[in-house]
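Read off the chains here:
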Amino acid sequence: MRWDEYLKKERLPSFWCAGCGYGQVMRSLAMALEKTRAALENTVIVSGIGCWGHVDSWMKPNAFHGIHGRALAFATGIKLASPALNVIVVMGDGDGVTIGGNHFIHACRRNVGLTAVVCNNLNYGMTGGQYSGTTPEDSITSTSRYGHIEQSFDICRLAEAAGAHFIARSISENVVATADCIAEGMKRENFAVIEVMSPCTTHYGRNNNMRKPIEMYRRIKSLAVPVGTAAKLSSEQMEGKFVTGILLDRPGEDYFTRYQNNIKVKAQTAAKEEGT
Amino acid sequence: MRKHEIRFGMGNEAIAEGAIAAGARFYAGYPITPSSEIADISSVRLPQVGGIFVQMEDEIGSMSAIIGASAAGVKSYTATSGPGISLMQENIGVAVITEIPCVIINVQRSGPSTGLATKPGQQDVMQARWGAHGDHAIIALSPSSVQECYDLTIRAFNLAEKYRTPVCILSDEIVGHMREQFELHGAKEIIGRKQPDPSMPVEAFRPYDFERYEDHIAPLPPFGGRYVYRHTASGHDENGYVTNDKQNANKFIRHYTEKIEKHRDDIVTVEAHCMEDAEYAIISFGCSVRSAMAAMRMARARGKKVGVLKLITLWPFADKEVRAVLDRVKGAIVAEMNLGQVFSEVSRHNDRRIPLVSVGKVDAEIIYPEEILDALEEAARA
């Protein structure tokens, strides 16, 4: 199937604001499905709540549109019960690492073979631009009118510290690079995190002196440093910037494989010995 | 495997074995007293029968995971106690609105918050009914013996599948940790999930199209089969698309209550003991039934005509059955380890205004039969 055949064209256009980066990421996700030749029947998109959490409505595969913050936990059940499925979990920064932060770190550690596509737009767009766990310090948002006083999460570093095996980052306008990152994540048996920096031009941009959408796109692009380049830069030169590309790709056994090879084998041997 | 085995064990063990006998093959949970043995035993037994056990990071994740696993076609359950049940409420609503079957076991302990973590209570009766926000109905079953833990767990899975609904088992610390002989007889009847008629074109399948079916229960194929579809925990139409259409909202929100109430005769079970000639009735459920039965025997030994109405199904409430009893006795006692949660429900059906006395105990000790005998005397004097 071509990428556009994964979209539910009859339900488009989306409700995303003009200037939003999520349409770009939706295209990247569709391209990743094409690249991995994902069958609709065999693919489930699991989402939570928020602007990005609505992407499943405009795509053709199976979907589980759950509640705010719990997408990874629903997906864990789906994948462990039916390991042959491609399970793609779409979350924003609020959904994924703020209300859902506990599920996120444990999903990284547990290593169930899910592909998490976390779109980071630095704030809660759908409820009107409040601060999230990834909002940078000093930012103006609807709930930090005097400047944000909390530190922000770096999603990729959080994932690494929590034990994820595959971590990548992209920016929404680099549609092909994002698609490659998602496709590579989908090919792994391990839990994969793909963070996509995407502008919320309606709220975050306007609140933070980026009056036109293009200004926020330029800002994101100016902060993105490809992984190869970043290796040659000093930490001072990297100050305030973020690395893009595949940041971590280490081998490991996913939860289901370990469960099959260890727990099930031992349990069934024990049951036989008991003669039950 | 393990069919017709007689065993001496605790209620929590019987629940885990009942789940497996019912065909459940997925457990997700978080440890909490006094339910932990259900997790412990499930972690040993499920992999023996090809199932999955996963301990999640909290009860919110546990409830999410069992809903996800059930959407993938595997019968799923979790077990917890009060604090965990409180955390699960939003997701119990997800199971309601997505109409995904699952079984939630609450081995009740005493008090709000952390409460008395190791002590028994029956204080979550109303929470089971009304804990999740938004209008809906729920099924809740209450075992009073180890054998019933086994049997009612099987029944809970059958009802969950038949009506595409979450089903709660309201057990308690006493029944959960009590040891009795029980028979692992295998499931006498296993109700599977309704599947779409194979003659239906794949594109015509709609996951929430309940009106098409006489019993108002739409079939539910697993993810990964030939049907490609959406589950949506927001207000949705037949196809699972989010909508705020008012006619649609009216139809679906009523459906979540009506689909249970419409089948209440199939769901509600009670057990009457010595009610044929009874002048006074003791209405009770769960661990308190044991006190009620003892009180009844003691009263009968003194020549008093007392019977027991045991509520096995707590929700939907046994309104007809309770009314039938209240219509023909001189007075009734409601014995429960809470401050009158079932008493208030029974009172709503006391059309003749006969004396009704509440034995509502919250000191974390089982009700003594003497306390019920005192209440019987109070009813007789009134």
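Trainee: Lay out the overall build of chain A with the relevant residues and their values.
Mentor: On a plain count of helices and strands, chain A comes out with ten helices and ten strands. Computed over its C-alpha atoms, the radius of gyration of chain A comes to 19 Å, within 12% of the 19 Å expected for a compact globule of 276 residues. Principal-axis analysis of the C-alpha atoms gives chain A an extent of 70 × 45 × 35 Å. Relative to its full complement of 276 residues, chain A shows a buried share of 54%.

Trainee: Go over the interface of chain B and chain A with me, naming the residues and quoting the values.
Mentor: Chain B puts 40 residues into the contact, and the matching count from chain A is 35 residues. Breaking the side of chain B that touches chain A down by element, the ones donating at least two residues are β2 (26–29), α2 (36–48), β3 (52–55), α3 (59–71), α4 (82–98) and β10 (230–232) of chain B. Among the elements that make up the side of chain B that touches chain A, the one with the highest residue count is α3(B) (nine residues). Residue classes in the side of chain B that touches chain A are distributed as 24 nonpolar, ten polar and six charged. In this structure, strand β2 (residues 62–65) of chain A lies alongside β10(B), joined through three bridges in parallel fashion. Bridge assignment links A63(A) to a residue of β10(B), and that residue is R230(B).

Trainee: Hey, could you go over the nonpolar core for me, with residue numbers and the actual values?
Mentor: Among the nonpolar cores identified, the biggest contains 198 residues, and I78(A), V89(A), V117(A), V103(B), I282(B), I333(B) and I372(B) are the most heavily contacted of them. Per-element accounting of this core gives the leading share, ten residues, to helix α6 (residues 146–163) of chain B. Built from parts of two domains, this core gets at least three residues from each of domain 1 (1–267) and domain 2 (269–381) of chain B.

Trainee: Before we move on, can you summarise the sheet that holds strand β9 (residues 224–226) of chain A with the specific residues and values?
Mentor: If you trace the nine strands from one edge of the open sheet to the other, you get β9(A)-β10(A)-β7(A)-β8(A)-β4(A)-β3(A)-β1(A)-β2(A)-β10(B), paired in mixed fashion. Two strands bound the open sheet, and with one partner strand each, they are β9 of chain A together with β10 of chain B. The average undirected angle you get between the axes of adjacent strands in this sheet is 20°. Sheet analysis places strand β1 (residues 43–47) of chain A next to strand β3 (residues 86–92) of chain A, joined by five bridges and oriented parallel. In the sheet register, I45(A) faces β3(A), and the bridge partner there is I88(A). Packed on one face of the sheet, helix α2 (residues 71–81) of chain A meets β1, β2, β3 and β4 (115–120) of chain A and runs near 175° to β3(A).

Trainee: Before we move on, could you go through helix α1 (residues 22–35) of chain A and cite the residues and values that matter?
Mentor: Residue and element names in this part refer to chain A. Between the first and last C-alpha of α1 there are 20 Å, a value that for 14 residues agrees with the 20 Å anticipated at 1.5 Å per step. A large share of α1 lies buried, amounting to eleven of its 14 residues. Within α1 the residues assigned to the buried category are Y22, G23, Q24, V25, M26, S28, L29, A30, M31, A32 and L33. On the buried face of α1, the contacting elements are β1, β4, α6 (175–187) and β8 (192–197).

Trainee: Summarise the sheet that holds strand β16 (residues 356–360) of chain B; cite the residues concerned and give the values.
Mentor: Residues and elements named next belong to chain B. Spatial strand order, β11-β13-β12-β15-β16: five strands in an open sheet with mixed pairing. Two strands in the sheet have a free side with no partner beyond their single neighbour: β11 (270–273) and β16. Taking each pair of neighbouring strands and ignoring which way they run, the sheet shows an average axis angle of 20°. Examined bridge by bridge, strand β12 (residues 280–284) and strand β15 (residues 331–336) share five bridges and lie parallel to one another. In the strand pairing of β15, Y280 is matched with G331. Contacts between helix α13 (residues 369–381) and the sheet are confined to β12, β13 (306–311), β15 and β16, with β15 contributing the most and set at about 150° to the helix.

Trainee: Would you mind going over the environment of Y368(B) in detail, with residue names and values included?
Mentor: Residues and elements named next belong to chain B. Mapped onto the elements of the fold, Y368 is located in the loop between β16 and α13. Judged by the 14 C-beta atoms lying within 10 Å of it, Y368 is partly exposed. Spatially, the C-alpha atoms of Y368 and A294 are 8.8 Å apart, while their sequence positions differ by 74 residues.

Trainee: Give a description of the domain arrangement of chain B that names residues and reports values.
Mentor: All names here are of chain B. Domain boundaries in chain B define domain 1 (1–267) and domain 2 (269–381). One C-alpha centre belongs to domain 1, the other to domain 2; they are set 29 Å apart. Of all the secondary-structure elements, those providing two or more residues to the side of domain 1 that touches domain 2 are β6 (116–120), α5 (125–130), β7 (139–141), β8 (166–172), α7 (173–177), α8 (246–261) and α9 (264–267). Here the element with the most residues in the side of domain 1 that touches domain 2 is α5; it accounts for four residues.

Trainee: Can you explain the environment of V167(B)? Please cite residues and give values.
Mentor: Residue and element names in this part refer to chain B. Note that V167 resides in strand β8. For V167, a count of 28 C-beta atoms within 10 Å translates into the label buried. Taking C-alpha positions, V167 is 27 Å from E365, a pair spaced 198 residues apart along the chain. What V167 contacts, discounting residues up to four positions off in sequence, is V103, I139, L141, A156, L159 and A160.

Trainee: Tell me about the packing of helix α1 (residues 11–21) of chain B against α6(B), residues and numbers included.
Mentor: All names here are of chain B. Viewed as axis vectors pointing N to C, α1 and α6 meet at an angle of 30°, and their least axial separation amounts to 7 Å. The way α1 lies across α6 gives a crossing that is right-handed. Residues G11, A14, I15, E17, G18, A19 and A21 of α1 form the contact with α6, whose own contacting residues are V146, C149, Y150, D151, T153, I154 and F157. Here the contact of α1 with α6 is composed, by residue class, of nine nonpolar, three polar and two charged.

Trainee: With reference to specific residues and values, describe α6(A).
Mentor: All names here are of chain A. Taking 1.5 Å per residue as the helical rise, α6 with its 13 residues ought to reach 18 Å, and the 18 Å between its terminal C-alpha atoms agrees with that figure. Along α6, the residues that are buried comprise T178, A179, D180, C181, I182, A183, G185 and M186. Those residues of α6 that are buried lie in contact with α1, β3, β4, β7 (166–171), β8 and β10 (242–249).

Trainee: Which residues make up the confidence of the model for chain B, and what values do they have?
Mentor: Taken over all residues, the pLDDT of chain B has a mean of 97, while the share at 70 or more is 99%. The ipTM value of the predicted complex is 0.97, and its pTM value is 0.98.

Trainee: Describe the environment of G100(A), naming the residues involved and giving the relevant values.
Mentor: As for its placement among the helices and strands, G100(A) is situated in the loop between α3 (93–97) and α4 (101–110). Distance from G100(A) to A73(A), taken between C-alpha atoms, is 9.1 Å for residues 27 residues apart in sequence.

Rules used throughout
Residues numbered from 1 in each chain as written. Chains lettered and ligands numbered in written order. Predicted model: local features only at pLDDT ≥ 70, side-chain atom pairs only at ≥ 80, totals over all residues. Helix = DSSP H or I, 4+ residues; strand = E, 2+ residues; numbered from the N terminus. Rg over C-alpha atoms; globule rule 2.2 N^0.38 Å. Buried ≥ 20, exposed ≤ 12 C-beta atoms within 10 Å, placed from the backbone. Contact = placed C-beta atoms within 7 Å. Nonpolar A, V, L, I, M, F, W, Y, C, P; charged D, E, K, R; others polar. Pairing = 2+ DSSP bridges. Core = buried A, V, L, I, M, F, W, Y, C linked by C-beta atoms within 7 Å. Domains from an automatic or database assignment. Axes fitted to C-alpha atoms, helices over the stretch in contact; angles between N-to-C directions. Expected span 1.5 Å × (residues − 1). Left-handed = near helix turned anticlockwise from the far one by under 90°. pLDDT = per-residue confidence, 0-100.

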